[in-house]
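Below, each chain spelled out in residue letters.
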Amino acid sequence: MKHIDTPLYISRPTKKSIGNEYCIYADRIELRCGFPFFSKTLVIKKDDLILIELFKPPVIRTTFWALKLDLADFHEHVGIKRINGFFRQLRFTPENPQEFIEKAREIFRLSC
């Protein structure tokens, strides 16, 4: 197995993430989402990432056009702004949002 295919940080599925799993790799973030009849993995490449921040609920307080992947409206959550994609803003609730952001900034060498 290549190092690039090994997650450097994993946020396990929880009730507030509705069973979704969020992983950070050396070159990307993968958001594995399970919906009632299908599952989807959203991939945010390191080069497409503009911003990763911690937000307080509800999501509409800071943006109207974000794609919510879980119960972000009820919990402190992570917000990602990216260059590409139909939805350029994503909101999701990892097991520990602050730790997820710190790890992403550390791995991708992003400034605050």
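Quick note: structure is the one above.
Predicted model, so just to flag it, every value in this text is computed and none were measured.

Participant: Please give an account of the pattern of salt bridges that cites residues and values.
Facilitator: Any two side chains of opposite charge can pair if their charged atoms end up close together. Counted by the stated rule, this structure contains 9 salt bridges. With its nearest N and O atoms 2.6 Å apart, the salt bridge here joins Glu21 to Arg32. Highlighted residues: Glu21 in strand S2 (residues 21-24) and Arg32 in strand S3 (residues 28-34), separated in sequence by 11 residues. Residue classification places Glu21 among the partly exposed residues on the basis of a relative accessible area of 23%. A network of salt bridges, in which partner residues are shared, links Asp5, Glu21, Asp27, Arg28, Glu30 and Arg32.

Participant: I'd love a proper account of the sheet that holds strand S5 (residues 49-55), names of residues and values included.
Facilitator: With respect to topology, 4 strands assemble into an open sheet ordered S5-S7-S8-S6, the strand pairing being mixed. With partners counted over all chains shown, the strands left at the sheet margins are S5 and strand S6 (67-68), one partner each. Summarising the sheet, S6 and strand S8 (residues 89-92) pair through 2 bridges and their orientation is parallel. Residue pairing across strands places Lys68 opposite Arg91, the latter belonging to S8. Contacting S5, strand S7 (77-82) and S8, helix H1 (residues 97-108) crosses the sheet at an angle of about 155 degrees to S5.

Participant: Mind laying out the environment of Arg88, listing which residues take part and the relevant values?
Facilitator: Mapped onto the fold, Arg88 is located in the loop between S7 and S8. In sequence terms Arg88 and Ala66 are 22 residues apart; their C-alpha atoms lie 7.2 Å from each other. When sequence neighbours within four positions are dropped, the list of residues in contact with Arg88 reads Ile80, Lys81, Arg82 and Ile83. A distance of 3.3 Å separates the side chain of Arg88 from the backbone oxygen of Ile83, its partner in a polar contact.

Participant: Mind laying out H1, listing which residues take part and the relevant values?
Facilitator: Given a rise of 1.5 Å per residue, 12 residues ought to cover 16 Å, and the 16 Å separating the end C-alpha atoms of H1 matches this to within 8%. Looking only at H1, the buried set comprises Pro97, Phe100, Ile101, Ala104, Arg105, Ile107 and Phe108. On its buried side, H1 packs onto strand S1 (9-11), S2, S3, S5, S7 and S8. One or two steps after H1, the chain reaches Arg109, where phi turns positive at roughly 55 degrees.

Participant: Could you give an account of unusual backbone geometry, naming the residues involved and the relevant values?
Facilitator: Cis geometry marks the peptide bond from Pro57 to Pro58; its omega dihedral reads -10 degrees. Note on placement: Pro58 falls in the loop between S5 and S6. Positive phi, normally seen in glycine, also occurs at Ile18, with a value near 55 degrees. By relative accessible area, which is 46% here, Ile18 ends up partly exposed. The phi dihedral of Arg109 is positive, around 55 degrees, even though this residue is not glycine. Counting through the fold element by element, Arg109 comes out in the segment after H1. Note on Arg109: relative accessible area 73%, which makes it exposed.

What counts, and at which threshold
- Residues numbered from 1 in each chain as written.
- Predicted model: local features only at pLDDT ≥ 70, side-chain atom pairs only at ≥ 80, totals over all residues.
- Heavy atoms only, no water.
- Salt bridge = Lys/Arg side-chain N within 4 Å of Asp/Glu carboxyl O.
- Helix = DSSP H or I, 4+ residues; strand = E, 2+ residues; numbered from the N terminus.
- Buried < 20%, exposed > 50% of the residue type's maximum accessible area, 1.4 Å probe, protein only.
- Pairing = 2+ DSSP bridges.
- Contact = heavy atoms within 4.5 Å.
- Axes fitted to C-alpha atoms, helices over the stretch in contact; angles between N-to-C directions.
- Polar contact = N/O pair within 3.5 Å; in protein donor to acceptor, adjacent residues only side chain to side chain.
- Expected span 1.5 Å × (residues − 1).

The values reported here are purely geometric and, on their own, carry no functional implication.
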